[in-house]
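As a plain string of letters, each chain reads:
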Amino acid sequence: MKIFIDSADILEIKQAYEWGVADGVTTNPSLIKMAVEKRVGAGEKISISSYLKEILKVASGTPVSIEVTEKTGEGMVEEGKKLFKMFNSVAENVNIKIPVNPALEDADSTHFDGIKAVKELSNSDIPVNCTLVFTPEQALLAAKAGAAFVSPFAGRIDDYIRKQNNIEFGKSDYFPQDGFEKDGLLLEDNGIVSGIDLVAQCVEILENYDLEAEVIAASLRNTRQVREAALVGAHIATIPFTVIADMLKHYKTFEGMKAFIADIVPDYANLE
């Protein structure tokens, strides 16, 4: 499974690549804005445009998802083409992030604008990461429209199921892959019992029909969720820096290192 770092912090991104574990980057406008404001507040002269170019250079050779802000099909296509033209020449690694459905409510007439934008951009040889996927059928339509990546939001589905059932939780709390029972009933959202179940169903459907889109397990909140995403066959996980850092931690590893250091034989350590 490939790992994309979900961050706009250039120091975090550089560290992940220096560790040798990063295969790409996902960003969004809010994260980029905060990162730029932080550096401007520290006295640097930097713009959003120049900052994005820094990220693209660090991630050279691997995909970087840049999100549109428009919400109509025409607007998303126009902005997507503009962003690709502005930034892809930096390192030829830009992917345009498009919401699977930009409608704000059920009565909205723009349900298929995201899919139409995916189709038009893909037909223009612009790779698309179709985001805000919360059902396997959304993933199916995005893949059929030509998306290079589809991003089911595992953590947010877990949050939704808990909120709908008045279950208190912390953001990084583990949610069982096989679902959560309350009052003897298995909680679910239209047949989805957990965020990892959502990812698994997306993977299965795309593989059943040999669709080329890769599934990015998104909104992962803890290391166990990363493990489970890998076990159900997610092609990619996009992971916050703190969760990537936690993936190497285990008490017995620390304990073993202490014993290892205590047992070092000086003559062996100083071999010439």
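Please refer to the structure higher up on the page.
Residues numbered from 1 in each chain as written. Predicted model: local features only at pLDDT ≥ 70, side-chain atom pairs only at ≥ 80, totals over all residues. Heavy atoms only, no water.

Overview of the nonpolar core
Rules: Definition used in this section: a nonpolar core is a set of buried Ala, Val, Leu, Ile, Met, Phe, Trp, Tyr and Cys residues joined via side-chain atoms within 4.5 Å. When accessible area is computed with a 1.4 Å probe and restricted to protein chains, residues below 20% of their type maximum are described as buried, those above 50% as exposed, and intermediate ones as partly exposed. Put simply, DSSP marks the helices as runs of H or I at least four residues long and the strands as runs of E at least two long, and each gets a number from the N terminus on. What makes two residues a contact is simply this: any of their non-hydrogen atoms within 4.5 Å.
Counting residues in hydrophobic clusters, the biggest one holds 70 residues, and the most contacted among them are I96, I98 and V150. At six residues, the largest contribution of residues to this core is made by helix α8 (residues 195-208). Apart from residues lying up to four places away in sequence, I98 is in contact with V68, M76, G114, A117, V118, L121, V128, N129, C130 and T131.

Observations regarding the sheet that holds strand β6 (residues 149-152)
We count it as follows: Think of it this way: DSSP has to see at least two bridges between two strands before they count as a pair. Axes here mean lines fitted to C-alpha atoms, for a helix over just the part in contact, with angles spanning 0 to 180 degrees between N-to-C directions.
Strand order in the closed barrel made by the eight strands is β1-β2-β3-β4-β5-β6-β9-β10, with parallel pairing throughout. Mean inter-strand twist for the sheet, computed between neighbouring axes without regard to direction, equals 30 degrees. Relative to strand β3 (residues 64-67), strand β2 (residues 24-26) runs parallel, the two sharing two bridges. Its bridge partner lying in β3, V25 is registered against V64. Sitting on the sheet, α8 touches β5 (128-133), β6 and β9 (214-217), and the angle it makes with β9 is about 175 degrees.

Observations regarding the pairing of strand β10 (residues 236-239)
Threshold: By the criterion used throughout, a crossover qualifies as right-handed when its path from the first strand across the helix to the second strand runs clockwise, the strands pointing away from the viewer.
In β10, alternate side chains face the same way, and those of I236 and T238 on one face and A237 and I239 on the other are all buried. Direction of pairing for strand β1 (residues 2-6) relative to β10: parallel, over a ladder of four bridges. Across the sheet, I5 pairs through a bridge with I239, a residue of β10. Here β9 runs beside β10; their pairing, made up of two bridges, is parallel. Pairing of A217 across the sheet is with A237, part of β10. Each parallel crossover has a hand, and for β9 linked through helix α9 (residues 223-231) to β10 it is right-handed.

What about unusual backbone geometry?
A negative phi angle is the norm for most residues apart from glycine, just as the trans form is the norm for most peptide bonds. Despite not being glycine, D125 shows a phi value in the positive range, around 60 degrees. With respect to the helices, strands and loops of the structure, D125 is situated in the loop between α5 (113-123) and β5. In this structure, D183 takes a positive phi of about 55 degrees despite not being glycine. Tracing the chain through its elements places D183 in the loop between β7 (181-182) and β8 (185-186).

Concerning α8
The condition that has to hold: By this rule, a helix spans an expected 1.5 Å times one less than how many residues it contains.
The end-to-end C-alpha separation of α8 is 20 Å, in line with the 20 Å expected for 14 residues at 1.5 Å each. Elements that come into contact with the buried residues of α8 comprise β5, α6 (136-144), β6, α7 (154-164), β9 and α9. Once α8 ends, the next one or two residues include D210, with phi positive near 55 degrees.

Overview of the packing of aromatic side chains
Aromatic ring pairs: the centre-centre distance and the angle between the two ring planes describe each pair. The following threshold applies: Each Phe, Tyr or Trp ring, with Trp reduced to its six-membered ring, pairs with another whose centre is within 6.5 Å; inter-plane angles below 30 degrees give stacked pairs, above 60 give edge-to-face pairs, and intermediate values give tilted ones. Ring-over charges, as used throughout, are those where CZ of Arg or NZ of Lys falls within 6 Å of the ring centre and within 35 degrees of the ring normal.
Scanning the entire structure with this criterion turns up four aromatic pairs. Both rings, one in F4 and one in F149, keep their centres 6.0 Å apart while their planes meet at 75 degrees; by these two values the pair is edge-to-face. On the criterion of sequence distance, the pair formed by F4 in strand β1 and F149 in strand β6 is long-range, its members being 145 residues apart. Across the pair, F149 and F4 agree in class, each one buried. Each ring, one from W19 and one from F241, has its centre 5.3 Å from the other, and the planes form 10 degrees; the classification is stacked. Taken together, the residues span a long stretch of sequence, with W19 in helix α1 (residues 10-19) and F241 in helix α10 (residues 241-246) at a distance of 222 residues. In this structure, R162 is placed above the aromatic ring of F169, and the distance from its NZ or CZ to the ring centre is 4.3 Å. Taking the ring centre of Y174 as reference, the NZ or CZ of R224 above it sits at 4.1 Å.

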